[in-house]
Each structure stands twice: as structure tokens, then as C-alpha cells.
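Observations on the model geometry
So you can see what is in the structure, the chains are spelled out below.
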Amino acid sequence: MASVAVSHASARCTALPGRLTSRRRFASTLPLRPLRRPVLAQAESQSWYQPNSASPDDLLQLLRERRQAAAAGAPPSSREQQQQQQPAPQPRLGTVHLVGTGPGDPSLLTLKAVQLMQSADVVLYDRLVSEDILSLVNPGALMVYVGKQRGFHTRTQGEIHELLLQFSEQGATVLRLKGGDPYVFGRGGEEVQYLEARGVTVRVVPGITAASGISAELGIPLTHRGLATSVRFLTGHSREGGESELDSTIAACADPHTTLVVYMGLGTLPALTAQLAAAGLPLDTPAMAVERGTTPDQRAVYAALGQLQAEVAAARLASPTLIVIGQVVALSPGWARAQASGVALDAPQQAQQAAQQAQQAQQHGGSGIDAGEAVRLAGKLR
């Protein structure tokens, strides 16, 4: 298990010609995304096929066809006519931009990220990049889905490296969209090393990492005077053969004055809890797990560390889920609501719906439901 410690000193494959109007439909059923040849290429005989059948050569051909069609739409100048009579020069290497898209809320994007999304030739995007964010990409970009999830990768990391290189060799401006921040458990460093070793210019645009973006949304300060003097980022995924490193890392994290933020830790939460307890962290330490933080689908579970796994299972949280452990969790309004209602699941939209139902029942002569009961009902909606 890798970790990052921060101390507090004072205390397409989708290739669509326009907007990706059908992304949500495919994302809800399959991790794969459909691919359609662009309208500009006038090749509708092969309308839809799955991204794993799209080889790098297919994708490069799509890019060439799109460029040729765009060039054909503008009359050449006299200088361009002269250049056409000369041998075509070899294209210079394009630039690859690794861009963090934050935890999911498009309003948390940086201005630089949006500017690049509106000018890129090719966009390779991950599973955690939301549809709302993808809708900001310029309609002329070639979209390539390279998402990965546990047990299934549409492309291996090596294949992603090759695609980035091959697109840059065509002189394209290539955008690699990553959830969160490219340098926080995003394998951005590996991609930079691979490309720079081959002469490709790489620029990295940071994104708001889930730890800070989601914690801010939920009112959890990562450090707080008297409660947490440091914060440590952990990943629940270890590389093959790295279990001993994982154990030693967790043992060093059992500090009651440290906030622990665990990325991708849903599957390893039982083991993580046992290891932290064995290292001396009290099981009554406040903790929480949040699914799809900062998005309209956000659902959070608040419980003591020893009860968190059972409550997460009862709420059926799914990936992507972020886990926060530490005394600072008790400062969250969500923790206060959970303690007052006795319901671990805190889903604002569901609670609002339940409150509206209670109000309607009162207006129609029903028995009436108080606010606490509305919160309890919201916890049962899913």
C-alpha cells in the first residue's frame, strides 16, 4: 500500500463527432464505451463497435480522416498549393497534457483544464471522469475511452502509453483526462517517464484530489488544531507482491492525531480495520466512507471505525468510494446528523425527498413525520 504523508506545522474508446449524448446509457451497463466513425469521414458502413476491437491503427486512421476532412473544407491558399507540390514533411511530435479533473463536480475544474479540453485533438479519458466534465470537450476531438476498474481494464497501462505516444507522433495535441490529480495515485508519473524518454513533451495540469475536494464538500478539515496535526493518503490497492509493504505502511498510520484518507479502499476495508486496530488505533475512532463525492449521486456513511464495514455493506456503497478515518470526521455536519438520527447513511437528496414526503403527508392530514424520522426514512430508500 502506497501512501503520501502531509504534515501540518502548527499543530471515445468513444469517438463521436459531436456531444457524447449516449455516454450515460453505456456507462450504466458496461465499462466499455461504443465507437462510431466520425460523420466527417463519410464512413457510416461500420457504425458501432466495441472499443476493444478498435486497434491503435484504427484510431490513428480516424484521426487522419478527421484532419483530412477538416482540411478539405477550406480552400487552399496559393502558398498551400505550392506546398502540396513538395514532399510532405514529417509531422513534429505533439504535446501530451495530463489533466486532473477533480473528484467529479465540473465546477471544481481548473481554468487551464477547461481551456485544454476545448482545444485538444485527441482525448483519452478514464472511468472516473464524469459525463458532465466530458461534455466540456470540444465536439471535434477524437474521444478514446481507456477506463480501468478492478478486474477489468479496457486497455492495459502499457497500451495506454503506446496510444499516447502514437497520437503525439501524429503531431496532435493529446489530452489525458484523469479523475482527481494525475500525481496522486493516478499513475501520472509513469506516463510522464515513458513519454519523455521518447522525446515527447508532457505538461501536467493538477486537479483537486478527492481527499481535499470531498472532505471540503462534507465539512471535514483534514487537519485541525488539537485533533489532527498531519494527514496521510493511502491507497487500498497494492502492487503484486507488495502486501508486506502494505502492512508496514498501515502500522505507521495508527496515530490518533493523524487523519487517514484511503483511496480505492472499499474492498480492503475489513483488512485495513483489523490492521489499524492491531497497531493500536481505537475502534471508536470516527470514520466515514463516501461514494461518488461532490456529485449528485453522493452517498456517505458515518460510523465508528469498528462499525464502518458493516454500515458500508448495509448501505451497499460501490466504487468509487473514499474513506476518511480520524477525529476530524466528528466535525462534519453529516456525523452530527448520523449521531442524532441513528442512521449511518447520509444522502442529502434522499433526505430532502423524505422531508418533502413528510411535509406532504402533514398537509394532507397524515400523522406527520418529524425531521429525525425523515432522515431515518431516507436511509431506507436504497
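The structure contained in this document is the topic of the report that follows. Everything quoted here is computed from the prediction, not taken from an experiment.

1. Some points on the overall build of the protein
Scanning the protein from N- to C-terminus turns up 14 helices and 14 strands. Burial statistics for the protein: of 382 residues in total, 44% are counted as buried.

2. Brief notes about the environment of Gly199
Within the secondary structure layout, Gly199 lies in the loop between α7 (188-196) and β8 (201-205). The partly exposed category is assigned to Gly199, whose relative accessible area is 49%. The spacing of Gly199 and Glu169 is 30 residues in sequence and 10.0 Å in space, taken between C-alpha atoms.

3. What about the nonpolar core?
The tendency in soluble globular proteins is for nonpolar side chains to be buried side by side. Core analysis: the biggest nonpolar cluster contains 24 residues, and Leu272, Leu276, Val301, Leu308, Val312, Ile323 and Ile325 have the highest contact counts within it. The dominant element in this core, judged by the number of residues it contributes, is helix α11 (residues 305-315), at four residues. Ignoring any residue separated from it by four or fewer positions in sequence, one finds Val312 in contact with Leu266, Leu269, Ala289, Val301 and Leu317. Counting residues in hydrophobic clusters, the runner-up holds 23 residues, among them Val96, Leu164, Val174 and Val192.

4. Focus on the side chain of Glu291
Tracing the chain through its elements places Glu291 in strand β11 (residues 286-291). Exposure remark for Glu291: the relative accessible area of 6% places this residue in the buried category. There is a polar contact of 2.8 Å between the side chain of Glu291 and the backbone nitrogen of Ala318. Beyond its immediate sequence surroundings of up to four residues, Glu291 is in contact with Asp297, Gln298, Arg299, Arg316, Leu317, Ala318, Pro320 and Thr321.

Calculation criteria
- Residues numbered from 1 in each chain as written.
- Predicted model: local features only at pLDDT ≥ 70, side-chain atom pairs only at ≥ 80, totals over all residues.
- Heavy atoms only, no water.
- Helix = DSSP H or I, 4+ residues; strand = E, 2+ residues; numbered from the N terminus.
- Buried < 20%, exposed > 50% of the residue type's maximum accessible area, 1.4 Å probe, protein only.
- Core = buried A, V, L, I, M, F, W, Y, C linked by side-chain atoms within 4.5 Å.
- Contact = heavy atoms within 4.5 Å.
- Polar contact = N/O pair within 3.5 Å; in protein donor to acceptor, adjacent residues only side chain to side chain.

Function cannot be inferred from these measures alone, as they are strictly geometric.
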